[in-house]
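Single-letter residue listing:
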Amino acid sequence: MRRKIQNKKKTNIRKAEIEMTNFDYYAPTKVVFGKGTEDQAGDLVREQGATKVLVHYGSGSVKRSGLLERIYQSLEQAGIPFVSLGGVVPNPRLSLVYQGIELCKKEHVDFILAVGGGSVIDSGKAIGYGVANEGDVWDFYERKRVAAGCLPIGVVLTIAAAGSEMSNSSVITNEDGWLKRGYGNDCCRARFAVMDPELTMTLPKYQTASGCVDIMMHTMERYFNQEENLDLTDGFSEHLIRTVMENARILMKEPDNYKARAEVMWAGSLSHNGLTGCGTAGGDWASHQLEHELGGMFDVAHGAGLAAVWGSWARYVLEGNPGRFAQFAVRVMGQEKGKDDTETALRGICAMEEFYHQVEMPTSLSELGINPTEEQIHSLAEKCSHFGKRTVGCIKKLDQEDMYQIYKMAM
Ligand code: NZQ
Ligand code: ZN
């Protein structure tokens, strides 16, 4: 009898082990958060042992706000020589990455300080790969090779959105064919991220809202999965999404609200540093893949592009896991249960689209301001499926035809 019970226990333990998905969690970035923290940039770079720095920045906001000048002063005070390269645009271009690699090699740069948003950080990471590895850096984004290293990166963040300040990812657009591709590797994770929520107060309303959508989506992509999920990860994810929604609404009316800026900025980092993915086996990520092609072809803001396709994706794949969508509807979107999971799920999707409208984000391609031709929709699906060579997503595995259908639905 005793033996039987022991056996039963063993079986249960084994079953539990099979149901729980193993995971790695690696978040090596030192976060320095709060008002005025950008003045520590020089000391933080020195702490990393840098001898020559590339200060990388975007198309002008950091000059207008005076931030760039303060960063230069901070580096000078810390006695760190530097060169600079500006001009990164949203959906950052490969051609500037090549210029950055040349500059770093010529100037013997051994540390990159990205001052800006996801585009600047991603461009900096790509330059870092290019300096630390021989050959064409685009190979990594094409999955032809794996990077063996990356120059160390530090970040002074100016927009809460992409989460690149703590993520292992970099997304670059190759002007030759307008292909937008992401590459993930732990070696590019930032050594430190300086996050002063006040720096985000100069953002245009559209960029603030687009950033909030992206932050929510980084957790939603992980939340929609086919695993036995950890209650802790679910609860954390649900609260993160609700927090961003609540504060996004506040920021639409009060862009200078420090607390709301801080909530959103911290959520942005935690949403994409892997924390909300623990036990999810990765998540779905189809909406991101669909959006990346829109960014590559039409140069739209990333978060706005996500809002424009998400509802169509959700309706298309819903039957792949109605229970999960229903849980999302009730716990995140505060919906009453319907007659079955599908009805509840649809209520949640509608409620999310209402939220997008509340923060002036699009829920279709036409609201996003683009009107792709039939030929362009085929081309989007072709590129997203890597010319028929891959599927994306896990709620439902999407092939090229599915992608085409979702783009059509999103019109
Ligand atoms: O270039 P400037 O003049 O600085 O203007 C930028 C840009 O026009 C402006 N901006 C940034 N901070 C500002 C400001 N304007 C006024 N005041 C400030 N404080 O905002 C615009 C958008 O900047 P960008 O860096 O493009 O924004 P975001 O952080 O949303 O980055 C988007 C890029 O990141 C990629 C996206 O695909 C897109 O290319 N992603 C990167 C990820 C990653 N590496 O982990 C994950 C994401 O899913 C995403 O794909
Ligand atoms: Zn994103």
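**Thoughts on the coordination of the zinc ion (ligand 2)**
In ideal tetrahedral geometry, four donors around a metal make angles of 109.5 degrees, whereas ideal octahedral geometry with six donors gives angles of 90 or 180 degrees.
Alright, step 1. The zinc ion (ligand 2) binds to the protein through Asp-214 (OD), His-218 (NE2), His-288 (NE2) and His-302 (NE2); the donor distances cover 2.0 to 2.2 Å.
Alright, step 2. Spacing between the donor residues of the zinc ion (ligand 2) along the chain follows D-x3-H-x69-H-x13-H. Pair noted here: His-218 is in helix 8 (residues 205-223) and His-288 is in helix 11 (residues 286-298), with a separation of 70 residues, a long-range link.

**Concerning unusual backbone geometry**
Most peptide bonds are trans, and most residues other than glycine sit at a negative phi.
Alright, step 1. At His-386, a residue that is not glycine, the phi angle is positive and equals roughly 50°.
Alright, step 2. Tracing the sequence through the fold places His-386 in the loop between helix 16 (374-384) and helix 17 (400-409).
Alright, step 3. Residue classification places His-386 among the partly exposed positions, given a relative accessible area of 22%.
Alright, step 4. Here the phi dihedral of Phe-387 falls at roughly 55°; this positive angle occurs in a residue that is not glycine.
Alright, step 5. By secondary structure assignment, the location of Phe-387 is in the loop between helix 16 and helix 17.
Alright, step 6. Using a relative accessible area of 49% as the deciding quantity, one classes Phe-387 as partly exposed.

**Here we look at the site of ligand 1**
Alright, step 1. The local shell around ligand 1 holds 33 residues, among which Ser-61, Ser-119, Ser-167, Lys-180 and His-218 are the closest.
Alright, step 2. At 2.5 Å from an oxygen atom of ligand 1 is found a side-chain nitrogen or oxygen belonging to Ser-119.
Alright, step 3. A distance of 2.7 Å separates an oxygen atom of ligand 1 from a polar side-chain atom of Lys-180.
Alright, step 4. Coverage of ligand 1 by the protein chains reaches 90% of its 960 Å² of free accessible surface.

Reading the values: rules and limits
- Note that residues are indexed from 1 along each chain, following the sequence as it is written.
- Written order determines the labels here, with chains lettered from A and ligands numbered from 1.
- Side-chain atom pairs in this predicted model are given and counted only at pLDDT of 80 or more, local residue features only at pLDDT of at least 70, and totals for whole chains, interfaces and linings cover all residues.
- To obtain the side-chain values, all non-hydrogen atoms of the structure were included, while hydrogens and water were left out.
- Each metal site lists N, O and S donors within 2.8 Å (3.2 Å for Na, K and Ca). With water left out of the atoms, a site can look as if it is missing ligands.
- Note on conventions: DSSP H or I runs of at least 4 residues are helices, E runs of at least 2 residues are strands, and numbering of each starts at the N terminus.
- Accessibility here uses a 1.4 Å probe with only protein chains present; expressed as a share of the type maximum, an area under 20% marks a residue as buried, one over 50% as exposed, and anything in between as partly exposed.
- When at least one non-hydrogen atom of a residue lies within 4 Å of a molecule or strand, that residue is treated as near it.
- N or O atoms within 3.5 Å of each other form a polar contact, as long as, within protein, one can give a hydrogen and the other can take it, and as long as residues adjacent in sequence are counted only when both atoms are side-chain atoms.
- Values of accessible area rely on a 1.4 Å probe in the Shrake-Rupley scheme; residue burial ignores everything except the protein chains shown.

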